[in-house]
Amino acid sequence: MGYLSSYTVKDIIKPISIGQNPPRINKDFPKISVITASYNQGQFLERTILSIINQNYENLEFIIIDGGSSDNSLEIIKKYEKYITYWISEKDNGQADAINKGFKIATGDLLCFQNSDDLFCNNSFKILANYYQINPNFDCYYGDLLFIDAEDNSLEILKTNNFNYKAQILEGMQIFNQSMFFKKSLGEKYGCLDSTLTFVIDYENVLRWSNYGAKFVKVNNLLGAFRLHEAAKTNNLESIRKKEHEMIKNKYLNLFFTNKKPTKLDYLFLRINKLFHFIEKFDFGYILYRFSIKK
């Protein structure tokens, strides 16, 4: 495991005593609203919920929008109902539609959406809150991402550099919803998620918000975990995902590169820029790790 061995999510998903009281609201922390869209992910949903509850964050609003699950999801939701601010189970028009329902209800200073098979990492909310209190003038805050398997084992860590609009277009995802938080006003100004999309909803809304001038900032911590497993929709419908990604990429390529097409030098510059970012951070362990997994 080497470098990866120090990154784990297993502490954050430990079972809790259902009888214990929810954390008290501390007005010194910004209110964070978490929206989880749920549909027949009972195999993983409890661990997602625990990763939120076990943050022990004092000023949390937790919203679950279930699409009418037929597995054990509702049983799990009811088990943790004491810790959930609002939940509903009804037919919807897909993940983005469900999340947008949650956004309309949410009242937090900072919003995020976490999939019902993904996780937050240890102390994500407090790390974010502390950073936000010192740096309140950004629209969107994001951190690093851990890839995990169905048994919560760490597979890969992805650290990103400071937000680069061109890199988001050309290289694909620089910011993932699993580790992204944003001000409610951002969605109100520029719209929330595009409900016509099935897969690349976070890729699209980051590009759209950035195109409108939203300010992004990197929080240098591991905030979220993306689960790779056989039942994931990205595995089952890969051709649709690729088609959607290419459509969004081409849309913003045409907006950014108005008089020319990107060249190999554009891609090379982005890679060099990323390398120098980690050199400046003295994160040589991560540089060696990335080179090692590319072999």
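Residues numbered from 1 in each chain as written. Predicted model: local features only at pLDDT ≥ 70, side-chain atom pairs only at ≥ 80, totals over all residues. Heavy atoms only, no water.

Asks: Lay out the overall build of the protein chain in plain terms, naming residues and giving numbers.
Replies: Helix and strand counts for the protein chain stand at eleven helices and nine strands. Seen through its principal axes, the protein chain has C-alpha atoms that stretch 60 × 40 × 40 Å. Taking all 295 residues of the protein chain together, the buried fraction comes to 53%. Within the protein chain, contacts between residues at least 6 apart in sequence are counted, and of these 81% link residues at least 24 apart. Total accessible area computed for the protein chain in this model is approximately 14200 Å², and 52% of it derives from carbon and sulfur atoms. Put simply, the protein chain has 37 plus and 33 minus side-chain charges, and the middle of one group is 5 Å from the middle of the other. (Helix = DSSP H or I, 4+ residues; strand = E, 2+ residues; numbered from the N terminus. Buried < 20%, exposed > 50% of the residue type's maximum accessible area, 1.4 Å probe, protein only. Contact = heavy atoms within 4.5 Å. Areas by Shrake-Rupley, 256 points an atom, 1.4 Å probe, with all protein chains shown as cover. Lys, Arg positive; Asp, Glu negative; His and termini not counted. Charge placed at Lys NZ, Arg CZ, Asp CG, Glu CD.)

Asks: Could you give me a rundown of the pairing of strand β2 (residues 60-66), with the residues and numbers involved?
Replies: As a general feature of sheets, a regular strand has side chains that alternate between the two faces. Burial runs high along β2: six of the seven residues are buried. Across four bridges, the pairing between β2 and strand β3 (residues 86-89) is parallel. Paired with Ile-64 across the strands is Trp-87, a residue of β3. One crossover worth recording links β2 to the parallel β3 by way of helix α2 (residues 73-79), and it is right-handed. (Pairing = 2+ DSSP bridges. Right-handed = clockwise from strand over helix to strand, strands pointing away.)

Asks: Please set out the packing of helix α10 (residues 264-280) against helix α11 (residues 284-293) residue by residue, giving values where relevant.
Replies: Any two packed helices are characterised by the angle at which their axes cross and by the distance between the axes. With their axes 8 Å apart at the nearest point, α10 and α11 run at an angle of 140° to one another. Judged by the angle between their axes, α10 and α11 are oblique. Residues Leu-275, Phe-278 and Ile-279 of α10 form the contact with α11, whose own contacting residues are Phe-284, Tyr-286 and Ile-287. Along the lines of polarity and charge, the residues of the contact of α10 with α11 split into six nonpolar, no polar and no charged. (Axes fitted to C-alpha atoms, helices over the stretch in contact; angles between N-to-C directions. Parallel < 35°, antiparallel > 145°, perpendicular 65-115°, else oblique. Nonpolar A, V, L, I, M, F, W, Y, C, P; charged D, E, K, R; others polar.)

Asks: Give a description of the nonpolar core that names residues and reports values.
Replies: Ile-99, Phe-103, Phe-113, Phe-182 and Phe-216 are the most contacted members of the largest nonpolar core, which totals 37 residues. If near-sequence neighbours (up to four positions away) are discounted, Ile-99 is found in contact with Ile-35, Ala-37, Phe-113, Leu-193 and Ile-201. (Core = buried A, V, L, I, M, F, W, Y, C linked by side-chain atoms within 4.5 Å.)

Asks: I'd love a proper account of the packing of aromatic side chains, names of residues and values included.
Replies: The final tally for this structure, using the stated rule, is 23 aromatic pairs. An angle of 10° between the planes, with centres 4.8 Å apart, marks the rings of Tyr-190 and Tyr-212 as stacked. Pair noted here: Tyr-190 is in helix α6 (residues 184-190) and Tyr-212 is in the loop between α7 (201-211) and β9 (216-227), with a separation of 22 residues, a long-range link. In this structure Tyr-190 comes out as partly exposed when scored by relative accessible area, which is 24%. Aromatic rings pair up to connect Tyr-3, Tyr-7, Phe-278, Tyr-286 and Tyr-289 into one cluster. (Phe/Tyr/Trp six-rings, centres within 6.5 Å; stacked < 30°, edge-to-face > 60°.)

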